[in-house]
Amino acid sequence: MRLPKAYNPAEYEADIYALWEKKGAFVPKGHPSTKLRAGGDDYFSIVMPPPNANADLHIGFGLTIAIEDTLVRYHRMQGKATLFVPGADHAGFETQVVFEKKLAEQGKSRFDFSREELYKQIWEFVEQNKHNFASQIRALGASCDWTRFSYTLDDKVVAQSYKTFKQMWDGGLIYRGKRIVNYCTFHGTSFSDIEVVHEEEETQLWRIAYPLADGNGEVVIATTRPETKLGQSALMVNPYDERFKHLIGHEVLQPLVPNRPIKIIGDEHVDMEFGTGVVTVTPGHDPDDFEVAQRHNLPIIELITTEGKMSQNVPEQFRGLSVLEAREKVAEELAKRGFLRGVESYTHSIGKCYKCGTVIEPLALEQWFVNMETLKKPALEVLEKKEIRFYPDSKRRQLIRYLEGLKDWNISRQIAWGIPIPAFQNAQDASDWIFDTRVNQETIEIDGKKYKRDPDVFDTWFSSSSWPYTTLNYPDGDEFKNFYPTSLMETAGEILHQWVARMIMIGLYTTGKIPFKEVYIHGLVLAEGGAKMSKSLGNVIDAMEVIAEYGSDALRMGLIAGRAPAVNRGYDRRRVGEARNFANKLWNIARYAENKIGDQHSLRANAEPQSIADHWILNKLSISAAEMSKYMEGYRLSEAYETLYHFVWDELADWYVEATKTDVNPVFLAYVLESTLKLAHPFAPFVTETIWQTLAWESDNLLATQLWPKPAAADVAKAAQFEEVRIVVSEIRRISSALGLQKQKLFYRQAPAVAENSKLVKQLANLSEIVQNDSPVGLKLIGAAGELWLDVDKEAAKAYLLKLEREKMARQKAVAALEGRLANKSYIDKAPKELVEETRSQLETEKSQLAKIEEDLTAFKNI
């Protein structure tokens, strides 16, 4: 026997992956029997969302690979030319943050190095780690074409970023302007709106009095940031507010800067219900106020620096203070001078840096922006027409809402690590900017004019927005012509706005085509307790450790099991354990079949079902293959896996294998095993390929490149006869187990399925004998075809009756409790939907079990 007694994944997985690579299994060539049609459905492509090249892969990326590779392997087995492109993301800001933490551990910071030195050190750090996670992607079984590996700092990606930037520059979509940006004073860089995390926090709301310049009273404003009242440009009221509209045009004195009077202006932007109805306009530190300033031609006064300190534009006593220090001292000074009219607790949303938690400062800075109006219109049209299908569709609608409210995109980042922006500024004329890709030079000279390079780099999402087509060597590569638009973009919902939206917009703008035909959004893999994984909490799960313990197949199947699109779900160790047991079950079935089949496997292509068990399993195999295909085409991977699991465990192992111990058809058993391995391969590639290679039924052939099975039709009548046998045997096993009996007699009067297959029934049900009897005695089998009685001891039956009565009462009590809970309107309205659905499911289970108990009571009372 070639297959060892036990399957140890660690002994096989690395060698199996090496074999796939050596034989070119992942090169997109299609099956020899498939005639590929250019532009047709014979091509399937996924471009891997590139993992950050700064750390080991996390369990969430394990789910990404599990989903994507299962689909890739399935479509490869459909005979398609299948391309799975691997890659890595330089992850600009993210990687620099990781590297800065390493520097901090050494007592250093980014300020200890020049920009060029810091870039070089990060490059070396990333290069080491890229090899690390490439091996981890292999360990997860990703059947990607490594000859097409792409990195977001590859020359082709950089070149495409510059080409897109220039196209937008020439088309008027790129502009340089001073606008409010989100700025992290700790990391020293700006962010786009979608990179800011908003948290509800309790703070204070100060009410501050502003004296009217003519001495006729005062107006009061409410603010959470008194430090910014050291230099606002105006006060503002709603022109329809009867309380204040008569003050429009009047001047007030700033409480702590009385020598700088400001006007009261009218603008409908003011919410009359907020605070006092009077608000300050601080255009240098609020995006809405910035727009107000543009409408009313107000000055922009910068009060806070990029270091998070108060600037030279505030009174001397506050200069150089941090924002929080200034807030406290300003409040104290206002109270001392009699301008404070009250302080109260107030809860509102505060924007923070998603990496360090520093409160984001809205600052007016010169940056490069993309005008999104032109970009988003084609994307909205595509989404409205459903030219890109989303799973679930709610994410398409979410994306539409996001794009409708999208503002211009700040693509400048003040970090060292990334793709330098190819723009140079005239040293003598600050308004003179030119496009030039000589970014390796700090200064260049053109027509006798000296130009200095912009020190900023692109927002990572700008360069990665070209990922679907740049990786396919757009516009000239054969990969682009055959595989673009890509078939599927599979990614996490948390980057729907940052990445998916931008790929659609930029893809349409650059190539004129949608970048992908379908989008599948998966939820987060949470910690086992349901919390988000965090290194600080110590609940992060290492995918490689799980593989070391359970095997790669077990991790993949365990992550897919029970998972729905876009739903966050905790890591379930139990599911992974079940998946490992499933892999072992496949191995044991193969070992059993190998022993029975011997050398007859070569005839399996012409295998014919003979017994009723053969016809039954062929029917089940056909149904399972069809159902799995339906689920896979609709990206319902969890259901496809459950179908496979049920077929292998409940039908193949529990019934067909047992039936072959009585009457085996070796050639047909070989066919069933082969077909089962093919069905299981996308989900469990390592164990199935290991079995395939160890059996060596096909010389120099791979399971990974085989076609999906399409079983012939079974004899339905013969399959139904085995199903009758299965029902009879199941009932006998259940009763014998309940009463602790074995080797019983079975009597029958009219039961053709039992009579014609008595040897099989006797073997499967562990009976002593089967007897035809016109006057049978014992327990009548309910639900079985024909008239059947099991020889049951009356005393044992009476004891079991008492047990059933107790179980009935317990079930009735459980049903009543669950019905009561579901009848409670408060529970239905307030409890989480998942919990309500779980309660309904529990009720159905309890009712089903109660019905079975009542059937048993009726049957046993008739003995």
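Conventions and cut-offs
Residues numbered from 1 in each chain as written. Predicted model: local features only at pLDDT ≥ 70, side-chain atom pairs only at ≥ 80, totals over all residues. Heavy atoms only, no water. Helix = DSSP H or I, 4+ residues; strand = E, 2+ residues; numbered from the N terminus. Expected span 1.5 Å × (residues − 1). Polar contact = N/O pair within 3.5 Å; in protein donor to acceptor, adjacent residues only side chain to side chain. Pairing = 2+ DSSP bridges. Phe/Tyr/Trp six-rings, centres within 6.5 Å; stacked < 30°, edge-to-face > 60°. Buried < 20%, exposed > 50% of the residue type's maximum accessible area, 1.4 Å probe, protein only. Contact = heavy atoms within 4.5 Å. Axes fitted to C-alpha atoms, helices over the stretch in contact; angles between N-to-C directions. Salt bridge = Lys/Arg side-chain N within 4 Å of Asp/Glu carboxyl O. Parallel < 35°, antiparallel > 145°, perpendicular 65-115°, else oblique.

**Q** Please give an account of helix H16 (residues 573-597) that cites residues and values.
**A** Here H16 spans 36 Å end to end across 25 residues, near enough to the 36 Å set by a 1.5 Å rise per residue. The backbone nitrogen of Arg574 has a side-chain oxygen 3.0 Å away, supplied by the residue at the start of H16, namely Asp572. Positive phi shows up at Gly598, right after H16, with a value of about 65°.

**Q** Tell me about the sheet that holds strand S5 (residues 174-184), and please be specific about residues and values.
**A** The strand order S6-S5-S14-S16 describes an open sheet built from 4 strands, whose pairing is antiparallel. Two strands close off the open sheet at either side, each with one partner strand: strand S6 (189-191) and strand S16 (409-410). Where S5 and S6 come together, 3 bridges link them in antiparallel fashion. Across the sheet, Cys184 pairs through a bridge with Thr189, a residue of S6.

**Q** So what about the packing of aromatic side chains? Which residues, and what values?
**A** Scanning all chains against the criterion turns up 43 aromatic pairs. Arranged with centres 5.2 Å apart and planes meeting at 85°, the rings of Tyr43 and Phe483 form a pair that is edge-to-face. Residue Tyr43 is found in strand S1 (residues 43-47), and its partner Phe483 is found in helix H12 (residues 478-483); the two are separated by 440 residues along the sequence. Accessibility classification places Tyr43 together with Phe483 in one group, the buried group. With a centroid separation of 6.2 Å and an interplanar angle of 25°, the aromatic rings of Phe165 and Phe435 are classed as stacked. Here Phe435 lies in strand S19 (residues 433-435) and Phe165 lies in helix H5 (residues 155-170), a separation of 270 residues in the sequence. By relative accessible area, which is 22% here, Phe435 ends up partly exposed.

**Q** Can you lay out the side chain of Ser150 for me, pointing to particular residues and giving the numbers?
**A** Looking at the element boundaries, Ser150 is found in strand S4 (residues 150-151). Under the relative-accessibility criterion, Ser150 is labelled buried at 0%. Once residues lying within four places of it in the same chain are set aside, the contact partners of Ser150 are Pro86, Gly87, Ala88, Lys156, Trp467 and Thr471.

**Q** So what's going on with the sheet that holds strand S20 (residues 443-446)? Residues and values would help.
**A** The strand order across the open sheet formed by 4 strands is S19-S18-S21-S20, and the pairing between neighbours is antiparallel. A single partner strand is all that each edge strand has here, and the edge strands are S19 and S20. Ignoring which end each strand starts from, the neighbouring axes of this sheet average 35° apart. Pairing of strand S18 (residues 423-426) with strand S21 (residues 449-453), which is carried by 3 bridges, proceeds in the antiparallel orientation.

**Q** An account of the pattern of salt bridges is needed here, citing residue identities and associated values.
**A** Evaluated as defined, the whole model comprises 47 salt bridges. With a closest N to O distance of 3.3 Å, Arg148 and Glu479 form a salt bridge. One end of the pair, Arg148, is in the loop between helix H4 (115-139) and S4; the other, Glu479, is in helix H12, with 331 residues separating them in the sequence. Of the charged contacts, one joins Asp459 and Arg413 as a salt bridge, the two residues approaching to 3.2 Å between their closest N and O atoms. Taken as a pair, Asp459 in the loop between strand S22 (457-458) and helix H10 (460-464) and Arg413 in strand S17 (residues 412-413) lie far apart in primary sequence, 46 residues in all. Judged by relative accessible area, which is 3%, Arg413 ranks as buried. Via salt bridges that share partners, Arg225, Glu227, Arg327 and Glu361 belong to a single interconnected network.

**Q** Break down the packing of helix H2 (residues 59-76) against helix H15 (residues 552-560) for me, with residues and values.
**A** For the pair H2 and H15, the least separation of the axes is 9 Å and the interaxial angle reads 95°. The angle between H2 and H15 falls in the class roughly perpendicular. Of H15, the residues touching H2 (which contributes Ile59, Gly62, Leu63, Ala66, Ile67, Asp69, Thr70 and Arg73) are Leu555, Arg556, Leu559 and Ile560.

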